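# Working through the structure, step by step
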Amino acid sequence: MTNHMVGSFQLMKSLNRSLILNIIRSAGMISRADIAKKTKLTPPTVTNITGGLLSEGIILEGQTGPSSGGRKPIMLRINSRNFFIAGVDVGVKKIRFGLADLNADLSYQTVVPISERMSEADLVRVITEQVQKLMRESAVPKEKMIGIGIGMHGVVDAERGISVFAPGLKLKNIPLKTMLEDVFLIPVKVENDVRAMALGEAWFGEGRGLDDLICINVGYGIGAGIIMNGRLFRGSHGLAGEIGHTVADLNGPRCTCGNYGCLQTLAAHDGLKNAALKEIILGRPTLISEMADGKPDKISGIVIHEAAKLGDELAIEILRGAGRYLGAAVSNLVHILNPPKIIVGGGISKAGAFILDPLREVVMKRSISEEARKTVIVESGLGDSAGLIGACTLVLSDLFSLNYENTKQTV
């Protein structure tokens, strides 16, 4: 057999293995005969591959299924509690860590604040120590760890696993994949945090069963993870989805990127805070001042939301304004990419109806067709765990699909 043929044979084995694994995962429980039918692989090939997966402990034989005349078939399922992934969600103010099984069920979660002057060495040290701590506390042996997934804010080179620019940390070109693989000797996947979230939503959240979707994260920054035809869309230089830096107001405030009127200056955390401060300075009565103990640095999205829940007019106005700006951005996305669903997550999205109602109103009003109005806009069901589940999904999708960008379930 030539080297080329050996390579092709191994690739086919890998493709078939991924195909079978994904079908077992999608079905929950399935017989070998049904796997052969769905994949159009021969029964001996299915028996051979599932035999290997059983001996590796990736799948289990379960109960018997209904009989169609002969012996009752033995059902196969994923051995989800036998292998684990460490998820790392690097935000602007904090890093979340968690351990997940093959169903992305999280355990042993912890949060570490990001210090103002965190260096590249500090970041890698914190991630290393916390992942080691997760493994120690959970008593998961190293051979049961299949990888580490990292969702990183800012611009990421996913192919090489490099954090190209992390604005919250003011750091550039951190080779996270290489540095952590040298320590742990297991695969490390690095992706932009919102893209990781979109992948998590596609596999385990509001995006299940969809080939196209957009996930928007609204927190200290604003980003979008775009999935098209079941694949993550990054653009030529990994900038696709940077909607926080699209122009919302040509005469708006200066953004951290140096431009004026970017969406995140008006609808992200600091935009809400600045809008509240401006009105407070002008003497407008509001519960926001009282709830922040009269200290400007204590004003936050959480405080504004709490004031809105108590009926504070200014707080409601600020959230409504942010919702309208986001609505304009979402309306643009609907007309450019026409996804069936847009999922909104992140800290600011916790304001729920205060933001989502005006957002939907703007999209409905600006839609040029009945089809555009059919785009479903929902809040993430994964909540605070969305980033961690997304980070873990980077590794899971590598196990269950030949190419981890393929988020479609093969059925």
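Up top is the structure.
How each quantity is defined
Residues numbered from 1 in each chain as written. Predicted model: local features only at pLDDT ≥ 70, side-chain atom pairs only at ≥ 80, totals over all residues. Heavy atoms only, no water. Axes fitted to C-alpha atoms, helices over the stretch in contact; angles between N-to-C directions. Helix = DSSP H or I, 4+ residues; strand = E, 2+ residues; numbered from the N terminus. Parallel < 35°, antiparallel > 145°, perpendicular 65-115°, else oblique. Contact = heavy atoms within 4.5 Å. Nonpolar A, V, L, I, M, F, W, Y, C, P; charged D, E, K, R; others polar. Phe/Tyr/Trp six-rings, centres within 6.5 Å; stacked < 30°, edge-to-face > 60°. Pairing = 2+ DSSP bridges. Core = buried A, V, L, I, M, F, W, Y, C linked by side-chain atoms within 4.5 Å. Buried < 20%, exposed > 50% of the residue type's maximum accessible area, 1.4 Å probe, protein only. Left-handed = near helix turned anticlockwise from the far one by under 90°. Salt bridge = Lys/Arg side-chain N within 4 Å of Asp/Glu carboxyl O. Arc of directions from axis to C-beta.

Turning next to the packing of helix α6 (residues 193-204) against helix α13 (residues 386-400). Taken N-terminus to C-terminus, the directions of α6 and α13 make an angle of 70 degrees; their axes are 7 Å apart at the nearest point. By the criterion of interaxial angle, the relationship of α6 to α13 is roughly perpendicular. Here α6 contributes A196, M197, L199, G200, W203 and F204 to the contact with α13, which in turn contributes A386, G387, I389, G390, A391, T393, L394, L396, S397 and F400. A class-by-class count of the residues in the contact of α6 with α13 yields 11 nonpolar, five polar and no charged.

A word on the packing of aromatic side chains. When we look at a pair of aromatic rings, we describe it by the centre distance and by the angle of the planes. Counted by the stated rule, this structure contains two aromatic pairs. Here the aromatic rings of W203 and F204 are separated by 6.1 Å at their centres, their planes lie at 50 degrees, and the arrangement is tilted. Here the aromatic rings of W203 and F400 are separated by 6.2 Å at their centres, their planes lie at 45 degrees, and the arrangement is tilted. Here W203, found in helix α6, pairs with F400, found in helix α13; they are 197 residues apart in sequence, far enough to count as distant.

Turning next to the sheet that holds strand β9 (residues 162-166). Strand order in the open sheet made by the three strands is β8-β9-β10, with antiparallel pairing throughout. The open sheet has two edge strands, β8 (155-157) and β10 (171-174), and neither has a second partner. Going across the sheet, the axis of each strand differs from the next one's by a mean of 10 degrees, ignoring polarity. Relative to β10, β9 runs antiparallel, the two being bridged by three bridges. What sits directly across from F165, in β10, is K172.

Next up on the list: the nonpolar core. Ranked by size, the top nonpolar core spans 41 residues in total, and within it I20, I35 and I59 carry the most contacts. Those elements giving two or more residues to this core turn out to be α1 (3-27), α2 (32-39), α3 (43-55), β3 (74-78), α6, β12 (213-218) and α13. With sequence-adjacent residues up to four places away left out, I35 is seen in contact with I20, I23, I24, I30, V46, T50 and L76. L263, A268, I318 and L326 belong to the second largest nonpolar core, which has 40 residues in total.

Here we take up unusual backbone geometry. You will see that N229, though not glycine, has its phi angle at about 50 degrees, which is positive. Position of N229 among the secondary structure elements: in the loop between β13 (222-228) and β14 (231-233). Accessibility expressed as a relative area gives 54% for N229, which makes it exposed.

This part covers the pairing of β9. Where β8 and β9 come together, three bridges link them in antiparallel fashion. The residue of β9 that forms the bridge with V156 is S163. Linking β8 to β9, which pair antiparallel, is a turn of four residues; within it G161 sits at a positive phi near 70 degrees. Counting the residues between successive antiparallel strands, the hairpin from β9 to β10 contains four residues, one of them, K170, with a positive phi of roughly 55 degrees.

Before going further, it helps to examine the packing of helix α11 (residues 313-337) against helix α12 (residues 353-366). Running from N to C, α11 and α12 point in directions that differ by 40 degrees, and their axes come no closer than 7 Å. In terms of orientation, α11 lies oblique with respect to α12. The element α11 and its partner α12 pack so that their crossing is right-handed. Here the residues of the contact of α11 with α12 are counted per class, giving 13 nonpolar, four polar and four charged.

Let us look at the sheet that holds strand β4 (residues 84-90). Strand order in the open sheet formed by five strands is β6-β5-β4-β7-β11, and the pairing between neighbours is mixed. Each edge of the sheet is formed by a strand with only one pairing partner; in this case those strands are β6 (106-113) and β11 (188-192). For this sheet the average axis-to-axis angle between neighbouring strands, irrespective of direction, equals 15 degrees. Bridge count between β4 and strand β7 (residues 145-152): seven bridges; the pairing is parallel. Bridged to D89 within β7 is G151. In the packing of helix α4 (residues 120-138) onto the sheet, the strands contacted are β4, β5 (94-100), β6 and β7, and the crossing angle to β5 comes to about 30 degrees. The strands that α6 touches are β4, β7 and β11; relative to β11, the one it contacts most, it runs at about 105 degrees.

Below, the discussion takes up the pattern of salt bridges. Applying the stated criterion across every chain, the model contains 21 salt bridges. In this structure, E56 and R17 form a salt bridge, with 2.9 Å as the shortest nitrogen-oxygen distance. Of this pair, E56 sits in the loop between α3 and β2 (59-64) while R17 sits in helix α1; the two residues are 39 residues apart in sequence, bridging distant segments of the chain. Accessibility expressed as a relative area gives 39% for E56, which makes it partly exposed. Among the salt bridges present, the one from D122 reaches R125, with a minimum N-O distance of 3.7 Å. You can see D122 and its partner R125 sitting in helix α4, three residues apart, about one turn around the helix. On the basis of relative accessibility, which here comes to 26%, the residue D122 falls in the partly exposed class. Several salt bridges converge on common partners, so that one network encompasses D122, R125 and E129.

Moving on, we get to helix α5 (residues 176-184). Of the positions making up α5, those classed as buried are L176, L180 and F184. Seen end-on, α5 carries its buried residues on one side only, within an arc spanning 35 degrees. The inward-facing, buried residues of α5 contact α4, β7, β9, β10 and β11. Just past α5, the residue L185 takes up positive phi, approximately 60 degrees.

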